[in-house]
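Chain by chain, the residues:
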Amino acid sequence: MIGFVIHRVMQAVVVMAVISLLVFIGVYAIGNPIDVLISPDATQQMREDAIRAYGLDQPLWKQYLDFVTRLLHGDFGRSFVYNMPVLELIGSRLPATTELALAAVMGATLLGVPLGMYAGYRPESGLAKAIMAISILGFSVPTFWIGLVLIFTFAVQLGWLPAGGRGDTAMLFGIEWSFLTRNGLTHLFLPALNLSLFKFAMMVRLARAGTRETMLTDTVKFARAAGESEWTILSRHVLRLIAIPIVTVFGLELGSTLAFAVVTETIFSWPGVGKLIIDSISSLDRPVMVAYLMLVAFFFILINLAVDLSYAALDPRLRARRA
Amino acid sequence: MTAPLLQVENLATHFMTRSGPLKAVDGVSFSVQPGEIVGLVGESGSGKSVTGFSILGLIDPPGRIAGGSVKLAGEELVGLPPSALRAIRGRRISMVFQDPSATLNPVLTIGHQMRLAIEAHETVGEKAARDRAAEALLRVGIPDAARRLDAHPHQFSGGMRQRVAIAIALLNRPALIICDEPTTALDVSIQAQILTEMKALARDLGTAMIWISHDLATVSSIASRLLVMYAGRIIEEGPVADVLRAPHHPYTAGLLASLPANAEPGQDLVQIPGSTPSLFALPPGCAFSPRCPHARPQCGTMPDLVREGARGVRCHFPLEIRGRA
Ligand SMILES: Nc1ncnc2c1ncn2[C@@H]1O[C@H](COP(=O)(O)OP(=O)(O)OP(=O)(O)O)[C@@H](O)[C@H]1O
Ligand SMILES: [Mg+2]
């Protein structure tokens, strides 16, 4: 197991190195950052000074090395727009996105898996058909449209819930969280619901397919022949047997929501990193873009590692193979 | 004769398929005495497993028990509510399946699975459950049982896995175990071991068994009485020794002749001509008649199962009378 973790950490280092190269090429080497940094009416002399100051006269490999060295020292530079260290800037926005993503993915899983299992257990029942109909909706209707409908219905027409912002927050571990206050929760609800519909649909499908398949196996027949109740069979046998694909999708969805909650954050003016990155792209705030992309890559690596480790916890046969 | 432990009468189990109802079990009657080992043989698809599942009330749609009765110690099981049936399964009748690597749950420890099987019928403490599970494992010949409780199925060999499944079936000391080809998936040497052990266990615990197999030789070595099934019906029954010595039904005779042990060295194995009929296209009358070397026009009507003493045969022209008598 230790060997496996070390192996994965080394893999992660290689992946991060490759990502840093791609990000460098994508953001630094394509286009000329000087045009953004200095005003168009600067003199030729000022222009050359600036080029030298930013190291842009150096060969490309040297520039890349400098870039990586700075990254390794945790120096992601300063935001051109906010004029503050990039890490601090992202750090101030990340909790908002984190709680939104966690609320959406966990809500979708906690609701989607039991309902999907029921739909797989009693596929002919009316409830199962209703669940499947909702999941088809969740798959096919675009997120931004649902977001607008939610705002229109619950915020504008009914006035039950706020249309945007984080609401009141409370401190935990030195970080501001919305989910800790009543008012914050009401703000969190609609954007989380909006983000979770698609994930809910996916979890329902996964759990339903897995349950249908598992219910036909000899494992379930044998448990029934031993007199175990249907509830025991579903909660102890089937749930464990279908857990691996569910955990996988949970991880992937958590990663992609952390990275790409942009649309929902924009619609609900949720001050997370998604909104920050869109702003930084439109204002060509390169240090922010770089740090964000590196961070997203890092999240994915971390989540994948966690998912892989949980495989071993969920399936002893995999544990044996890795030992 | 003591009162039978299990009495199956005219059991009919049908599957509603797209091409119409499929009569997988069509009027099966037999009984099992306490502690008796009954062998149920027949070709693939003859309805052996469906008979076993019907007794336990484990027929899922599109299947259903279309008629007949199953009595356990006099109590009717057909039509019992699911909760009452569940209380009987595993406690008074249990079942072991063919492939132990498919029946045991690969992601739970053996101990966990055994505890679930105990908790299905009573509330027990963690420690008591472990002790009982370890004891059951010891009984089926698994060494170091207490430690093995924390192992997962993949850490056992095929034969050991089947022993675990048997231990689970024995956990609540049922009066009857239905064994659906439990040795078919195992090596021949392990097959023989398990057969011998099961026989001893059944004798020691006084457990009755229905031993299902397509292999006449296996069944004969464990059972004392034989039921031969063909196309959803019992076509011959009797004490094992008698049936083997003098089969009455041409199908049983064919099965016997095709056993490798009965072949002349160097000769091809004898085969029953033709193949198992589709249950959708059964001939009128005796289902075996198209393959039967002795078939006559009268075989176009369904023969009754005629019982005489311990023996019974469903044939218009049983062999004993014409051939050897
Ligand atoms: N769920 C089902 N749906 C439709 N038909 C079924 C179902 N289960 C069994 N059958 C049919 O019932 C008949 C008897 O099947 P059964 O499993 O009892 O055979 P068997 O004698 O146990 O054979 P084998 O030696 O292959 O296990 C077969 O024709 C089979 O196709
Ligand atoms: Mg079978």
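The rules behind the values
- Residues numbered from 1 in each chain as written.
- Chains lettered and ligands numbered in written order.
- Predicted model: local features only at pLDDT ≥ 70, side-chain atom pairs only at ≥ 80, totals over all residues.
- Heavy atoms only, no water.
- Helix = DSSP H or I, 4+ residues; strand = E, 2+ residues; numbered from the N terminus.
- Contact = heavy atoms within 4.5 Å.
- Areas by Shrake-Rupley, 256 points an atom, 1.4 Å probe, with all protein chains shown as cover.
- Buried < 20%, exposed > 50% of the residue type's maximum accessible area, 1.4 Å probe, protein only.
- Lys, Arg positive; Asp, Glu negative; His and termini not counted.
- Charge placed at Lys NZ, Arg CZ, Asp CG, Glu CD.
- Polar contact = N/O pair within 3.5 Å; in protein donor to acceptor, adjacent residues only side chain to side chain.
- Buried area = accessible area lost by both parts, 1.4 Å probe.
- Salt bridge = Lys/Arg side-chain N within 4 Å of Asp/Glu carboxyl O.
- Nonpolar A, V, L, I, M, F, W, Y, C, P; charged D, E, K, R; others polar.
- 1 Å grid on protein atoms, 1.4 Å probe; cavity = no way out; pocket = protein on both sides within 12 Å on 5 of 7 lines; lining within 4 Å.
- Points joined across faces, edges and corners; volume = space filled by probe spheres on them.
- Expected span 1.5 Å × (residues − 1).
- Near = heavy atom within 4 Å.
- Axes fitted to C-alpha atoms, helices over the stretch in contact; angles between N-to-C directions.
- Left-handed = near helix turned anticlockwise from the far one by under 90°.
- Pairing = 2+ DSSP bridges.

The helix and strand tally for chain B stands at 12 helices and 12 strands. Summarising its shape, the C-alpha atoms of chain B cover approximately 65 × 50 × 45 Å along the three principal directions. Sequence-distant contacts, at least 24 apart, represent 66% of the contacts inside chain B between residues at least 6 apart. For chain B, the exposed area adds up to about 14100 Å²; of that, 54% sits on carbon and sulfur atoms.

Turning to the overall build of chain A, a few remarks are in order. On a plain count of helices and strands, chain A comes out with 15 helices and two strands. Looking at chain A as a whole, 41% of its 323 residues qualify as buried. In chain A, the share of contacts with a sequence separation of at least 24, taken over all contacts with a separation of at least 6, comes to 71%. Per element, the accessible surface of chain A, about 16600 Å² overall, is 69% carbon and sulfur. The averaged location of the 22 negative side-chain charges in chain A is 11 Å from the averaged location of its 25 positive side-chain charges.

Here the focus is the environment of B:Ser46. All names here are of chain B. Inspection of the secondary structure assignment puts Ser-46 in the loop between β3 (37-41) and α1 (48-56). Taking the relative accessible area as the measure of exposure, Ser-46 reaches 3% and is therefore buried. Separated by 44 residues in sequence, Ser-46 and Gly-90 have C-alpha atoms that sit 25 Å apart. When sequence neighbours within four positions are dropped, the list of residues in contact with Ser-46 reads Ala-24, Met-229, Tyr-230, Ala-231 and Gly-232. For Ser-46, the side chain forms a polar contact with the main-chain oxygen of Glu-43, separated by 2.7 Å.

Bringing the interface of chain A and chain B into the picture now. Taken residue by residue, the interface counts 21 residues in chain A and 30 residues in chain B. Area buried by chain A at its contact with chain B is led by A:Phe222, A:Ala225 and A:Arg236, which between them contribute 28% of it. Where chain A touches chain B, the interface holds one salt bridge. Across the salt bridge formed by A:Arg224 and B:Asp60, the nearest N and O atoms sit 3.3 Å from each other. Linking chain A to chain B there are nine residue pairs in polar contact (both at pLDDT 80 or more). Listed by contribution, the elements that provide at least two residues to the side of chain A that touches chain B are α9 (218-225), α10 (230-241) and α15 (316-322) of chain A. Examining the composition of the side of chain A that touches chain B, we find that six residues originate from one element, α9(A), more than from any other. Tallied by class, the residues present in the side of chain A that touches chain B amount to seven nonpolar, five polar and nine charged.

What follows is about the layout of surface pockets. Here the largest pocket defines a volume of roughly 1200 Å³. Taken together, 35 residues make up the lining of the largest pocket; nearest its centre are A:Arg122, A:Arg224, B:Ile59, B:Asp60 and B:Pro61. Elements with a contribution of two residues or more to the lining of the largest pocket: α5 (86-121), α8 (182-215) and α9 of chain A together with α1, β4 (63-72) and α2 (82-88) of chain B. Looking at the lining of the largest pocket element by element, the count peaks at five residues for α1(B). In the lining of the largest pocket, the residues fall into 18 nonpolar, six polar and 11 charged.

A separate point is helix α7 (residues 158-170) of chain B. Residue and element names in this part refer to chain B. In this model α7 runs 18 Å from its N-terminal to its C-terminal C-alpha over 13 residues, within 8% of the 18 Å that 1.5 Å per residue would give. Of all 13 residues that make up α7, 11 are buried, and the element is covered over most of its length. Those residues of α7 not exposed but buried are Gly-159, Arg-161, Gln-162, Arg-163, Val-164, Ala-165, Ile-166, Ala-167, Ile-168, Ala-169 and Leu-170.

Bringing the site of ligand 1 into the picture now. All names here are of chain B. Not every one of the 13 residues close to ligand 1 is listed here, only the nearest: Ser-44, Gly-45, Lys-48, Ser-49 and Val-50. Within the backbone of Gly-45, one N or O atom sits 2.8 Å away from an oxygen atom of ligand 1. Here an oxygen atom of ligand 1 sits 3.2 Å away from a polar atom, N or O, in the main chain of Ser-46. Coverage of ligand 1 by the protein amounts to 65% of the 640 Å² it exposes when considered alone. Sorting the residues of the shell around ligand 1 by element identifies β2 (20-32) and α1 as the ones contributing at least two each. A per-element tally of the shell around ligand 1 places α1 first, with three residues.

If charged atoms from side chains of opposite charge come close, those side chains can pair. All told, the structure shown has 21 salt bridges over all chains when counted by the stated rule. In this structure, B:Glu236 and B:Arg311 form a salt bridge, with 2.8 Å as the shortest nitrogen-oxygen distance. Taken together, the residues B:Glu236 in strand β10 (residues 233-239) and B:Arg311 in strand β12 (residues 311-313) connect sequence positions 75 residues apart. Using a relative accessible area of 0% as the deciding quantity, one classes B:Glu236 as buried. By relative accessible area, B:Arg311 is classed as buried at 12%. B:Asp242 is the salt-bridge partner of B:Arg245, the closest N and O atoms lying 3.0 Å from each other. Of the two residues, B:Arg245 and B:Asp242 both sit in helix α10 (residues 240-245), three residues apart, roughly one turn of that helix. Here B:Asp242 falls in the partly exposed class, since its relative accessible area comes to 25%. Because the salt bridges share partners, they merge into one network encompassing A:Arg224, A:Glu230 and B:Asp60.

Residue and element names in this part refer to chain A. Where helix α7 (residues 143-157) contacts α8, the two axes come as close as 9 Å, and the packing angle between them is 145°. Judged by the twist between their axes, the crossing of α7 over α8 is right-handed. Two secondary-structure elements touch here, α7 through Thr-143, Ile-146, Gly-147, Leu-150 and Phe-154 and α8 through Leu-190, Leu-193, Asn-194 and Leu-197.

Consider a sheet: its strands pair through backbone hydrogen bonds, and that pairing is either parallel or antiparallel. All names here are of chain B. Taking strand neighbours across the sheet as the criterion, the four strands line up as β2-β1-β4-β5 in an open arrangement whose pairing is antiparallel. Each end of this open sheet is capped by a strand with a single partner; those strands are β2 and β5 (75-76). Sheet analysis places β4 next to β5, joined by two bridges and oriented antiparallel. By the bridge assignment for β5, Lys-71 is matched with Glu-76. Across the sheet, α1 lies against β1 (6-17), β2 and β4, angled at about 110° from β1, the strand it touches most.

Residue and element names in this part refer to chain B. Taken together, eight strands build an open sheet; the order of strands is β6-β7-β8-β3-β9-β10-β12-β11 and the sheet is mixed. With one partner strand each, in any of the chains shown, β6 (93-96) and β11 (306-308) form the two edges of the open sheet. Each neighbouring strand pair of the sheet contributes to a mean axis angle of 20°, computed without reference to strand direction. Taken together, the four bridges between β6 and strand β7 (residues 176-180) define a ladder with parallel strand orientation. Across the sheet, residue Val-96 finds its bridge partner in β7, namely Cys-179.

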